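Notes for the structure review
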Amino acid sequence: MMQQSKRMLLPLLNGLRNVPARSATTTTAAAPAKIEKTVNTVTILGRVGADPQLRGSQEHPVVTFSVATHTNYKYENGDWAQRTDWHRVVVFKPNLRDTVLEYLKKGQRTMVQGKITYGEITDQQGNQKTSTSIIADDVLFFRDANN
């Protein structure tokens, strides 16, 4: 069974090696003849970096917050090190947005499930910078044992 699956997937994987990577684009052309399934899922578990903030406009509000995750690794000499990664999370869903804004606090442990998205942000000086965000579909709240 495993060999059969491998034989079926190899031509597909070999074909993907020749496809150039592209940035996110939006097209409005006619529907493709064949629609294929894709997956864009991310789950992070970490600590909130700062209290969530309400941004956007009255018509299009969004709540943003950051989550820190870390990786521990060991050098060959036996020393341990820790690398921290910061993730920008945005919440558009109305009920989830309100709950996150009210209950999620700096330092709290949280798990976020959603989609990763890439874009550009223009700063106050007019410079464009790339942006990576997680669009939250679900946010789980955890209480510390000492609270």
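What counts and how
- Every residue gets a number counted from 1 within its own chain, in the order that chain's sequence is written.
- Only residues with pLDDT of 70 or above have their local features reported here, since the model is predicted, and side-chain atom pairs are shown and tallied only from 80 upward, although totals for entire chains, interfaces and linings are computed over all residues.
- Derived side-chain values reflect all non-hydrogen atoms in the structure, with water molecules and hydrogen atoms excluded from consideration.
- Each salt bridge in this description consists of a side-chain nitrogen of Lys or Arg and a carboxyl oxygen of Asp or Glu lying within 4 Å of one another.
- Helix numbering and strand numbering both begin at the N terminus, where a helix is a DSSP run of H or I of at least 4 residues and a strand a DSSP run of E of at least 2.
- Buried, partly exposed and exposed residues are distinguished by accessible area as a fraction of the type maximum, computed with a 1.4 Å probe on protein chains only: under 20%, between the cut-offs, and over 50%, respectively.
- Strand pairing is assigned whenever DSSP identifies at least 2 bridges connecting the two strands.
- How sure the predictor is of each residue is captured by pLDDT, a score from 0 to 100.
- By definition in these notes, contact holds between two residues if any of their heavy atoms fall within 4.5 Å.
- The criterion is simple. A nonpolar core is a set of buried Ala, Val, Leu, Ile, Met, Phe, Trp, Tyr and Cys residues joined through side-chain atoms within 4.5 Å.

**A look at the pattern of salt bridges**
A complete count under the given rule lists four salt bridges for this structure. The residue Asp85 makes a salt bridge to Arg83 at a minimum N-O spacing of 3.0 Å. Linking Asp137 and Lys115 is a salt bridge whose minimum nitrogen-to-oxygen distance equals 3.2 Å. Residue Asp137 is found in strand β6 (residues 128-142), and its partner Lys115 is found in strand β5 (residues 109-122); the two are separated by 22 residues along the sequence. Exposure remark for Lys115: the relative accessible area of 35% places this residue in the partly exposed category.

**Examining the pairing of strand β1 (residues 42-48)**
Of the strand pairs in this sheet, β1 and β5 are connected by six bridges, and their pairing is antiparallel. When the bridges of β5 are listed, Gly46 appears paired with Thr110. In this sheet, strand β3 (residues 61-74) lies alongside β1 in antiparallel orientation, the contact comprising two bridges. When the sheet's bridge partners are listed, Arg47 is paired in β3 with Ala68.

**Overview of the pairing of strand β4 (residues 80-91)**
Here β3 runs beside β4; their pairing, made up of twelve bridges, is antiparallel. The residue bridging Val67 from the neighbouring strand is His87, located in β4. Connecting β3 to the antiparallel partner β4 that follows it, the hairpin turn spans five residues, and Gly78 within it adopts a positive phi of roughly 100°. The pairing of β4 with β6 spans two bridges and is classified as parallel.

**Describing the confidence of the model for the chain**
The pLDDT averaged across the chain works out to 84; a share of 78% of its residues lies at or above 70. Per-element confidence in the chain ranges from a low mean pLDDT of 46 for helix α1 (residues 2-17) to a high of 97 for β1. Note that residues 1-6 has pLDDT below 50 and, in this model, zero contacts with residues that lie over four places away or in other chains. Ignoring residues within four places in sequence, the model shows residues 12-21, a span with pLDDT below 50, making zero contacts including any to other chains.

**Let's talk about the side chain of Gln108**
Within the secondary structure, Gln108 is located in the loop between α2 (94-103) and β5. Apart from the residues lying within four places of it in its own chain, the contact partners of Gln108 are Gly46, Arg47, Val48, Tyr103, Phe141 and Phe142.

**Considerations on the nonpolar core**
Ranked by size, the top nonpolar core spans 15 residues in total, and within it Phe65, Val89, Val91, Val100 and Val112 carry the most contacts. When contributions to this core are tallied by element, the ones reaching two or more residues are β1, β3, β4, α2 and β6. Beyond its immediate stretch of four places on either side in the chain, Val89 contacts Ile44, Val63, Thr64, Phe65, Val67, Val112, Ile134 and Ala136.

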